Amino acid sequence: MVIAVIGAQWGDEGKGKIVDLLAERFDVVVRYQGGHNAGHSVQIGNQSFVLHLLPSGVVHQGKTCVLGNGMVIDPKAFFEEADRLMGQGITITPERVKVSSRAHLILPYHRALDHTSEERLGNERVGTTLRGIGPAYEDKAGRRGIRFADALVPEVLRSRIERNLEDANRIIEAYGGQRLEASPIIEETSAIVERLAPFICDTSHFLNQAAARGESILLEGAQATLLDVDHGTYPFVTSSSTVIGGALVGTGLAPKHLAGVLGIVRTYTTRVGEGPFPTEMLESEAELGQLIRERGREYGASTGRPRRCGWFDAFATRYAAEINGFTSVALTKLDVLDTLDEIKVCVGYNLDGKKCDSLPAVSQDLRRVEPVYETLPGWKSSTLGMTDLSELPRAAREYVNFLSNHIGVEIGLVSTGPERSQTIIVRESALAKWLRG
Ligand code: IMP
C-alpha cells in the first residue's frame, strides 16, 4: 500500500504531525521533491524534532527512510541534520536511510545564485528560502546538474563543477557578488560525498521492490500544491513538482501501487514569501491575522519568517483536491480558531465582476480577484485536545462539515492541538482504514 500526503495550500499545513501519526503504521517513509527548504516539526513526548531534509519518519526507529530522485540535496545540510538528530538519540545508518543516486546535489554556487536571482527580481522577488533550490532544479532541467551517481565519479564531479561554476560566476559577478573558487568546492564536495556513499542507491528499484513485497510506503510531500511549479501560483512557487504526479516521478514508483492521497488542509490559510494571497487578513483584519499568527505559532520552521495569515480558501483548496484527487483530508489546527466570534470562508472568486470557474493562472489576476465569503458563527470555547467529533461544539462541527462540502472530500482527521494524542480520527473514513493497516 502506497499513500501520499500532500499539502493543499501554500505549505505549513501541519504535515509533520500527520506524517508522524501515520508513520507508525508504515514500513517506509519517502520524500520525493524539494530539499532543505522544507520545515517539519514533530513533537514526541517532551522531545521536539525539526526536520528540513530527512523524511519525518526518521524519528521512528525501525522505519526505512528514502530521499527520492526528485529531490535536490545539499550534502552538507544532510549531515548537519543527521548529526543533530543523532545527538537527539536517532539512529541514522545506511540500512535505514537511503539517498537516490539520481537525486541532484545543491552546491554552494546554487545558494549564491539564489541570492543573486532574488536581488535581480527586486520588487518581483519570490521570497525564496535562499537554500539554492531553484538554481539546482534549473541545472537539472538544463541537463548540466550533478546527481549523486555522478558525484561518486571524481573526474565527473571535478569537470562538472569547474564548467558550471564558470557560468555561475559570470552571473554572480555581473550582479556584484563574490566570485567562487572551484577547488575548495570540489574538495569539500568530494569528501562529503564519500561520507554519503554508503547511503546512496537506486531508490526507485528499492521502493518498487518493497511495494511488490507488500510493504507499506508513505510518500511525504514538502511545500504544497499552490507552490507547485506547474499548478501553483506561478511564478511565486517553488521549483519542484509538489503534487501527486510529482510523487510518482520523484520516486519512480509505478502508479499501480498508489492506494490513496491524503490532503493536509489547515482551518485557515498562511503563506510565507511573496505572491498573491486572495484571503489574506490585511488592513482592518490585520489584528486578527496577528492573533492567528500568535495562536497558531505561525513562524517559518526553516527561516523563522512570520507567516502571512488569512481565511480558509475553499475555492483554492477545491482546486488542490481536484489536481491531487484527494481520497481523504486531514484538517489541522482547529483549536487555533477557538476564540473567534465569526469565521469567514472564501467559497469563490470574482474577477472584473465575473465569477471565476477555476483558479486564475496569471498572478496579477490572482492579486485582483475579489473573494466571495460566507460567514459562519465561531464556537467561542476550547476544542484543544478533543479526540472525538461528538465532543466538538456544534458550531465547530458545522464548520468542519462546511469545509468538507466545499472541498468535496471527506474529512478523515481533525487535529485539535500539537500533540499526537490531540487528534480526532473520523471512524469509517479512508484515513481511519489506512491507520488500522
Ligand atoms: P524556494 O523553495 O526556497 O525556492 O522558495 C520558493 C517559495 O516557496 C517561497 O515563497 C518560499 O517561501 C516557499 N516555500 C519553500 N519551502 C516552503 C515550506 O516548506 N513551507 C512554506 N513555503 C515554502
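From a predicted model like this one, the values you see are computed outputs, not experimental measurements.

Draft legend 1. Quick look at the packing of aromatic side chains. In total, this model carries six aromatic pairs according to the counting rule given. Relative to Phe199, the ring of Phe78 has its centre 5.5 Å away and its plane inclined at 70 degrees; by these criteria the two rings are edge-to-face. With Phe78 in helix α2 (residues 75-87) and Phe199 in the loop between α7 (182-196) and β9 (200-201), the pair connects residues that are 121 residues apart, well separated along the chain. Each member of the pair, Phe78 as well as Phe199, is classed as buried. Their ring planes at 75 degrees and their centres at 6.2 Å tell us that Phe79 and Phe199 sit as a pair that is edge-to-face.

Draft legend 2. Structural view of the pairing of strand β16 (residues 342-351). Judged from the two bridges that link them, strand β14 (residues 312-313) and β16 form a sheet pairing that is parallel. Along β16, the bridge assignment pairs Phe312 with Val345. By the bridge criterion, two bridges tie β16 to strand β17 (residues 354-355) in an arrangement that is antiparallel. If you follow Leu351 over to β17, its bridge partner there is Lys354.

Draft legend 3. Just the domain arrangement of the protein, in detail. Parsing the protein into structural domains produces domain 1 (2-100 + 199-261), domain 2 (104-196) and domain 3 (265-436). A C-alpha centroid distance of 37 Å is found between domain 2 and domain 3. Contacts between the two partners involve six residues from domain 2 and, on the opposite side, five residues from domain 3. For the pair domain 2 and domain 3, the two sides together bury roughly 430 Å², of which 38% comes from carbon and sulfur. Three residues, Arg125, Gly127 and Arg131, lead the burial of domain 2 against domain 3; their summed loss comes to 63% of the area buried on that side. Applying the counting criterion to the domain 2 and domain 3 interface returns one salt bridge. The residue Arg125 makes a salt bridge to Glu274 at a minimum N-O spacing of 3.7 Å. The tally of links between domain 2 and domain 3 comes to two residue pairs in polar contact (both at pLDDT 80 or more).

Draft legend 4. Local environment of the site of the ligand. Lining the immediate environment of the ligand, one finds 16 residues, of which Asp12, Asn37, Thr129, Thr238 and Arg305 sit closest. Here a nitrogen atom of the ligand sits 3.3 Å away from a polar atom, N or O, in the side chain of Asp12. Gln223 is positioned with one of its side-chain polar atoms (N or O) 3.2 Å from a nitrogen atom of the ligand. Protein contacts shield 96% of the accessible area of the ligand, which totals 470 Å² for the unbound molecule. Here the shell around the ligand is built from residues that sort into six nonpolar, eight polar and two charged.

Criteria and thresholds
- Residues numbered from 1 in each chain as written.
- Predicted model: local features only at pLDDT ≥ 70, side-chain atom pairs only at ≥ 80, totals over all residues.
- Heavy atoms only, no water.
- Phe/Tyr/Trp six-rings, centres within 6.5 Å; stacked < 30°, edge-to-face > 60°.
- Helix = DSSP H or I, 4+ residues; strand = E, 2+ residues; numbered from the N terminus.
- Buried < 20%, exposed > 50% of the residue type's maximum accessible area, 1.4 Å probe, protein only.
- Pairing = 2+ DSSP bridges.
- Domains from an automatic or database assignment.
- Contact = heavy atoms within 4.5 Å.
- Buried area = accessible area lost by both parts, 1.4 Å probe.
- Salt bridge = Lys/Arg side-chain N within 4 Å of Asp/Glu carboxyl O.
- Polar contact = N/O pair within 3.5 Å; in protein donor to acceptor, adjacent residues only side chain to side chain.
- Near = heavy atom within 4 Å.
- Areas by Shrake-Rupley, 256 points an atom, 1.4 Å probe, with all protein chains shown as cover.
- Nonpolar A, V, L, I, M, F, W, Y, C, P; charged D, E, K, R; others polar.

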